[in-house]
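# What the coordinates show
Here's the letter readout for the chains.
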Amino acid sequence: MKFIVSSSYLLKQLQVLGSVINSSNTLPILDNFLFELNNKTLTVSASDLETTMSATLEIDSTSQGSVAVPAKLLLDILKTFPEQPLTFTVEENNTIEISSNSGKYAIAYAPGEEFPKSVSLDDPSSTVVPSEVLATAISKTIFAAGNDDLRPVMSGVFFQFSPEGLIFVATDAHKLVKYARTDVKASQVADFIMPKKPLNILKGILGTSESDVTIEYNDSNATFSFDSYVLTCRLIDGKYPNYEAVIPKENPNKLMINRVLLLNSVRRVAIFSNKTTHQIRLKIAGAELNISAEDIDYSNKAEERLTCDYQGDDMQIGFNSRFLSEMLTNLQSDEIMLEMSMPNRAGILTPIDGLDEGETVTMLVMPVMLNN
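Residues numbered from 1 in each chain as written. Predicted model: local features only at pLDDT ≥ 70, side-chain atom pairs only at ≥ 80, totals over all residues. Heavy atoms only, no water.

Let us now look at the pairing of strand β15 (residues 190–195). Within β15, five of the six residues are buried, which leaves it mostly tucked inside the rest of the structure. As paired elements, strand β12 (residues 156–162) and β15 share six bridges and run antiparallel to each other. Opposite Q160, over in β15, you have D191 as the bridge partner. (Buried < 20%, exposed > 50% of the residue type's maximum accessible area, 1.4 Å probe, protein only. Helix = DSSP H or I, 4+ residues; strand = E, 2+ residues; numbered from the N terminus. Pairing = 2+ DSSP bridges.)

What follows deals with the packing of aromatic side chains. Tallied over the entire structure, the rule returns 16 aromatic pairs. Judged by centre distance (6.4 Å) and plane angle (75°), the ring pair of F161 and F168 falls under edge-to-face. Judged on exposure class, the residue F161 and its partner F168 are both buried. Taking the centre distance of 5.8 Å and the plane angle of 50° together, the rings of F226 and Y229 count as tilted. Joined through ring pairs, the aromatic side chains of F159, F161, F168, Y179, F192, Y217 and F224 make up one cluster. (Phe/Tyr/Trp six-rings, centres within 6.5 Å; stacked < 30°, edge-to-face > 60°.)

This part takes up the sheet that holds strand β14 (residues 175–181). Pairing is antiparallel in the open sheet, where nine strands are placed in the order β15-β12-β13-β14-β27-β26-β25-β19-β23. Looking along the sheet, the strands with just one partner apiece sit at the ends: β15 and β23 (309–311). Each strand of the sheet is rotated relative to its neighbour by a mean of 15°, with strand direction disregarded. The strands that helix α4 (residues 196–206) touches are β12 and β15; relative to β15, the one it contacts most, it runs at about 85°. (Axes fitted to C-alpha atoms, helices over the stretch in contact; angles between N-to-C directions. Contact = heavy atoms within 4.5 Å.)

Formed by 103 residues in total, the largest nonpolar core has its most connected members in F33, F35 and L74. Grouped together as the second largest cluster of nonpolar side chains are 13 residues, V153, F158, I247 and L364 included. (Core = buried A, V, L, I, M, F, W, Y, C linked by side-chain atoms within 4.5 Å.)

Here we come to the UniProt feature "domain: DNA polymerase III beta sliding clamp central" (unreviewed entry) in the protein. The UniProt record marks residues 129–242 with the feature "domain: DNA polymerase III beta sliding clamp central" (unreviewed entry), using the residue numbering of this structure. The distance separating the terminal C-alpha atoms of residues 129–242 is 25 Å; by composition the span is 19% helix and 41% strand. (UniProt positions renumbered as here; feature names shortened; annotations may be inferred.)

All right, on to the pairing of strand β18 (residues 229–234) then. Relative to β18, strand β4 (residues 51–58) is paired through five bridges, and the arrangement is antiparallel. For S54, the partnering residue across the bridge sits in β18 and is V230. By the bridge criterion, six bridges tie strand β17 (residues 221–226) to β18 in an arrangement that is antiparallel. Paired with F224 across the bridge in β18 is L231. Between β17 and β18, which pair antiparallel in sequence order, lie two residues; one of them, D227, sits at a positive phi of approximately 45°.

Turning next to the packing of helix α5 (residues 259–270) against helix α6 (residues 321–330). In the contact formed by α5 and α6, the axes pass within 10 Å of each other and the chain directions differ by 150°. In terms of their interaxial angle, α5 and α6 are classed as roughly antiparallel. Judged by the sense of rotation from one axis to the other, the crossing of α5 with α6 is left-handed. Residue-level contacts link R259, L262, L263, V266, R267 and A270 of α5 to S321, L324, S325, L328 and T329 of α6. Considered class by class, the residues forming the contact of α5 with α6 number six nonpolar, three polar and two charged. (Parallel < 35°, antiparallel > 145°, perpendicular 65-115°, else oblique. Left-handed = near helix turned anticlockwise from the far one by under 90°. Nonpolar A, V, L, I, M, F, W, Y, C, P; charged D, E, K, R; others polar.)

With 100% of its residues at a pLDDT of at least 70, the protein reaches an overall mean of 94. Looking at the elements of the protein, mean pLDDT is at its lowest for strand β5 (residues 60–61), recorded as 88, and at its highest for α5, recorded as 97. (pLDDT = per-residue confidence, 0-100.)

Right, let's talk about α4 for a bit. Taken residue by residue, α4 has P198, L199, I201, L202, I205 and L206 as its buried positions. Across the axial projection of α4, the buried residues extend over an arc of 160°, all falling on one side. (Arc of directions from axis to C-beta.)

As a further point, take the UniProt feature "domain: DNA polymerase III beta sliding clamp N-terminal" (unreviewed entry) in the protein. Mapped onto this numbering, the UniProt entry gives "domain: DNA polymerase III beta sliding clamp N-terminal" (unreviewed entry) at residues 1–117. Annotation note: span residues 1–117, helix share 19%, strand share 46%, distance between end C-alpha atoms 21 Å.

Right, dumping it as structure tokens:
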């Protein structure tokens, strides 16, 4: 088995696949990349048993075979090479030899048969989504997903496909984000919960991709195929909570304000908030928004006044400043609207401008109790 490949081309693909590999694996074979050679195509795969990803490279070769090569060692050596062709040759003594312009390097390999086989989906449903739509959907929602191992369904992003459009939801019970597209549709109704790790990997590579992503899914697994990559992952098992029930429908109090102005103000005032509750108080009266925070333990307090466009009754509501600033950072628009009904009901953040046609973003933040 022998092939020739460009060093930078191989490194670029392996760095993407390397993000799948865990730092500590129970199975030693998972610390390897699987190289499968079939004449002019080389398929490289990486897996952590939950998520498997492979990339197909066009190379120069006339042989077939499969070997598992230590990932860290291979990445470390490839990072040091300037752009040049590298020749990989599998030797008799269980080593793979890399020949560069300046030398030869031998790495011990494992037989490719030991590497876990990737899951093939039985009778999958399929949907095609433009890569930028999927990348935006992931980056808009993933920050709101929880980290609680006791509630695994909330630690992922909920994908809901229907002929009306696509909906992506993430929540950790304190905040919720719903991202919807009506300009991209699925042929049949389906929903599943995607874990965070594969989504973060996708988010990293979809930004540079121009092509459409084909998503295939059944009850237990999902596969994302685009460009030369195929990512298969196990879905989170369980039923997603009914998120529609927690979004308040009647919100008579509407506040419109410049996003950056509010974000900067919240960040400044939050420095003076209590270090455990991160509580800030929004007091709205007429066209004036008063943002304040107080840390009674240290006698620190801050207060800022902003002018805003407000329709509704005067009210006071408390929010966790970390959640609020996280959401305001994630929104891209110039102007935002905060809709509220009562001080003990969730507030709804929506962008007013800067959205594509058919795109809606709804962010929900739970209030905190104010101690007057």
